[in-house]
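Understanding the architecture of this molecule
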Amino acid sequence: MEESLIPSLSGGVVGSRFVTQDEVEAAKARREEQWKAAYARLGQEPPPQHREEVYDGRSLAEKLAANRIAKQEEWEEKTKLANQFRALEEDEIMFLDSIREKQEEEERVRKERDGEELKQFKEYILQWAPKSSTSDNFVVELLLRELIHLIHHQL
């Protein structure tokens with residue numbers, strides 16, 4: 001068979017449009033050097049060059065599936081903390097209410113007891129205080145008020 005019948009890529013219409021990878025890289029290098037020289041003449045730093053994206057051989061469906069999985073994992077991570085808590089059930093609410101009511105009752109009883117003790121103490125002080133002059137009663141009353149004030153702030 002003759003070799004003249006086999007089409008060649010180097011000749012004709014197809015051969016004139018074909019560019020090798022080496023020629024593409026050489027053209028990029030020349031263009032980059034020209035840009036650097038132009039910026040050097042202006043006295044400026046050239047802007048950073050855009051890097052070409054690495055070829056990803058996956059199909060569009062595979063890329064979309066990977067993006068969907070990544071978004072799902074991100075959403076699950078965000079909502080993980082929220083999923084750890086649940087609403088209280090009715091019996092739990094009732095139990096906590098009973099504890100709160102018990103604490104409030106204990107506080108009320110303690111305040112009543114303290115008030116009664118302060119009243120008794122005041123009566124005792126007034127009973128033993130000299131009744132001769134109003135200035136003595138004034139001093140005793142001031143001391144008593146100061147004592148009551150201190151007791152209330154310690155509680």
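Predicted model, so just to flag it, every value in this text is computed and none were measured. (Residues numbered from 1 in each chain as written. Predicted model: local features only at pLDDT ≥ 70, side-chain atom pairs only at ≥ 80, totals over all residues. Heavy atoms only, no water.)

Side note on the environment of L147
Counted only if it meets this: Helix and strand assignments come from DSSP, with helices taken as H or I runs of at least 4 residues and strands as E runs of at least 2, each series counted from the N terminus. Classification of residues uses two cut-offs on accessible area relative to the type maximum, computed with a 1.4 Å probe and protein chains only: under 20% is buried, over 50% is exposed, and between them is partly exposed.
Summarising the element assignment, L147 is placed in helix α5 (residues 134-154). Judged by its relative accessible area of 30%, L147 is partly exposed. Once the C-alpha coordinates of L147 and L118 are considered, the two residues, 29 residues apart in sequence, prove to be 9.6 Å apart.

Notes on helix α2 (residues 21-42)
The following threshold applies: Here, expected helix span is obtained from the residue count minus one, scaled by 1.5 Å.
Counted at 1.5 Å a residue, the expected span for α2 with its 22 residues is 32 Å, and the 32 Å between its end C-alpha atoms agrees. Backbone geometry just after α2 places G43 at a positive phi near 80°.

Comments concerning a nonpolar patch on the surface
What counts, and what does not: Patch definition: residues with relative accessible area over 30% and no salt bridge; like charges joined within 9 Å; nonpolar side chains (Val, Leu, Ile, Met, Phe, Trp, Tyr) joined within 5 Å. Only the protein chains shown count as cover for residues, and the accessible areas themselves come from Shrake-Rupley with a 1.4 Å probe. Throughout this description, the term salt bridge denotes a Lys or Arg side-chain nitrogen within 4 Å of a carboxyl oxygen of Asp or Glu.
A contiguous nonpolar patch, built from L88, I93, F95, L96 and I99 and spanning about 440 Å² of accessible area, is present on the exposed surface. Summarising the element assignment, L96 is placed in helix α4 (residues 90-128). Of the residues examined, L96 reaches a relative accessible area of 44% and is grouped as partly exposed.

So, helix α3 (residues 60-83)
The line we're drawing: What the bend at a residue measures is the angle between two axes, fitted to the seven residues ending there and to the seven starting there.
The end-to-end C-alpha distance of α3, which contains 24 residues, comes to 33 Å, matching closely the 34 Å that a straight helix rising 1.5 Å per residue would cover. Considering bend angle alone, the principal kink of α3 is centred on E77 and spans about 30°.

Some words on the pattern of salt bridges
The final tally for this structure, using the stated rule, is ten salt bridges. Measuring nitrogen to oxygen at the nearest pair gives 3.5 Å for the salt bridge that ties E32 to K36. In this pair, E32 and K36 are both assigned in helix α2, four residues apart and thus about one turn of the helix distant. Among the salt bridges present, the one from R108 reaches E112, with a minimum N-O distance of 2.5 Å.

Quick look at the environment of F121
Inclusion rule: In this description, contact between two residues means that some pair of their heavy atoms is separated by no more than 4.5 Å.
Within the fold, F121 resides in helix α4. Separated by 27 residues in sequence, F121 and I148 place their C-alpha atoms 9.6 Å apart. If we skip the residues at most four places from it in the chain, F121 touches L144 and L147.

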